[in-house]
Amino acid sequence: MVNKKYKDRLFCLLFGNEEYKDNVLSLYNALCHTSHTNTEDIQIYTIDDVIYIKMKNDVSILLDSFLYLWEQQSTFNPNMPIRGFMYFGKMYDRYITENSLNIYGKMLIKLPTPRYTVLYNGVEEQPGFMQLKLSDSFINPDCSGDFEWTANMVNLNDGKNEDLLNNCRPLKDYMTLINEIRKNCKTMEFESAVDAAVTYCIEHDVLKTFLLKHRAEVKDVCITEYNEKSFVEGIRAEGRAEGRAEGQNEKGLAVYRNLRKRGFSKEDALVIADISPDLVVNED
């Protein structure tokens, strides 16, 4: 069974777990246009708790002398190349250590070639494919040619990459579950929306075996991820509100000072400017 302490994304339960290497191989073949059949060729790497509230790198595998990293994103993030750069640094460090490679010697060491794919399924409209570049973050764009790191973003939403979904049944089923949850959320509380979506998928043979075995874990993971997303959005909303309040205070102070220069009393100026006396405690 999936470890009940394993609080990660639903994507990881399906594509980052030793128990479901068939899913990993299916996604690999669909993304890389290959036809591998031996799951034992796959070596799964993971990195825990990097950068931001459980925003882990989702799945990375080593196959065909390439080091692949797949990360599912439900919101668009232009900083994925930076994150990928940091993830791969950790993975290369691990690879070098495990293979006893000498980076200080005279012999050139060989490393698996990196491939970084972001699988996007957010509600914000995005193109079917987008290549995000680390150089877009550089303060001095004139030097961008000296170094580059890319994240290839693939949109999983309806009508964007149907061939990919049709070539990977687990990925298509995953998106069916996600879309059912979203549809249900329009009329239900989130927990009920997840439960109803899981029931629908089981009845329609969508991830049926997986959901029958891990129904409780899937529900727990979805709710955990939803709560984390709400928490982050709440922080952003607070920041925006604070920013608006600061802007209003600055405008109010400017009005207050102008009124005072024109001879209005402190009390009248405060009322007209609609600001707190605390803001002008050291004024005048």
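Heads up: the structure comes first, above all this text.
Time to look at the overall build of the chain. In terms of helices and strands, the chain carries eight helices and six strands. Counting helices and strands in the order they occur from the N terminus, the chain gives α-α-β-β-β-α-β-β-β-α-α-α-α-α. Looking at the chain as a whole, 41% of its 284 residues are labelled buried. A separation of at least 24 residues holds for 59% of the contacts in the chain among residues at least 6 apart in sequence.

If you walk through the whole model with that rule in mind, you get nine salt bridges. Between Lys21 and Glu18 there is a salt bridge whose closest N-O contact spans 3.4 Å. Of the residues examined, Glu18 reaches a relative accessible area of 52% and is grouped as exposed. Close ionic contact of Arg94 with Glu98 constitutes a salt bridge, the shortest N to O distance being 3.1 Å. One end of the pair, Arg94, and the other, Glu98, are both in helix α3 (residues 80-98), four residues apart, so they sit about a helical turn from each other. Residue classification places Arg94 among the partly exposed positions, given a relative accessible area of 33%. Since its relative accessible area comes to 44%, Glu98 is described here as partly exposed.

We now examine helix α2 (residues 21-32). In a regular helix each residue adds 1.5 Å, so 12 residues correspond to 16 Å; α2 covers 16 Å between its end C-alpha atoms and thus fits that length. In terms of burial, α2 is largely enclosed, as nine of its 12 residues are buried. For α2, every residue scored as buried is listed here: Lys21, Asn23, Val24, Leu25, Ser26, Leu27, Tyr28, Asn29 and Ala30. Immediately beyond the C-terminal end of α2, within one or two residues, lies His33, with a positive phi of roughly 55°.

On to unusual backbone geometry. A positive phi angle, near 55°, is found at His33, a position not held by glycine. Despite not being glycine, Leu207 has its phi angle at roughly 55°, a positive value.

Turning our eyes to something else, we now look at the nonpolar core. Among the nonpolar cores identified, the biggest contains 44 residues, and Leu10, Phe11, Ile61, Trp70, Leu171, Leu177 and Leu211 are the most heavily contacted of them. Of all the secondary-structure elements, those providing two or more residues to this core are α1 (10-15), α2, β2 (57-63), β3 (66-73), α4 (162-166), α5 (169-184), α6 (190-203) and α7 (208-261). Once residues lying within four places of it in the same chain are set aside, the contact partners of Leu10 are Tyr174, Leu177, Ile178, Phe210, Val218, Val221, Cys222 and Glu225. Met91, Met130, Trp149 and Met153 belong to the second-largest nonpolar core, a separate cluster that totals 19 residues.

So, how was this worked out
- Residues numbered from 1 in each chain as written.
- Predicted model: local features only at pLDDT ≥ 70, side-chain atom pairs only at ≥ 80, totals over all residues.
- Heavy atoms only, no water.
- Helix = DSSP H or I, 4+ residues; strand = E, 2+ residues; numbered from the N terminus.
- Buried < 20%, exposed > 50% of the residue type's maximum accessible area, 1.4 Å probe, protein only.
- Contact = heavy atoms within 4.5 Å.
- Salt bridge = Lys/Arg side-chain N within 4 Å of Asp/Glu carboxyl O.
- Expected span 1.5 Å × (residues − 1).
- Core = buried A, V, L, I, M, F, W, Y, C linked by side-chain atoms within 4.5 Å.

Remember that the coordinates give geometry; whether it matters functionally is a separate question.
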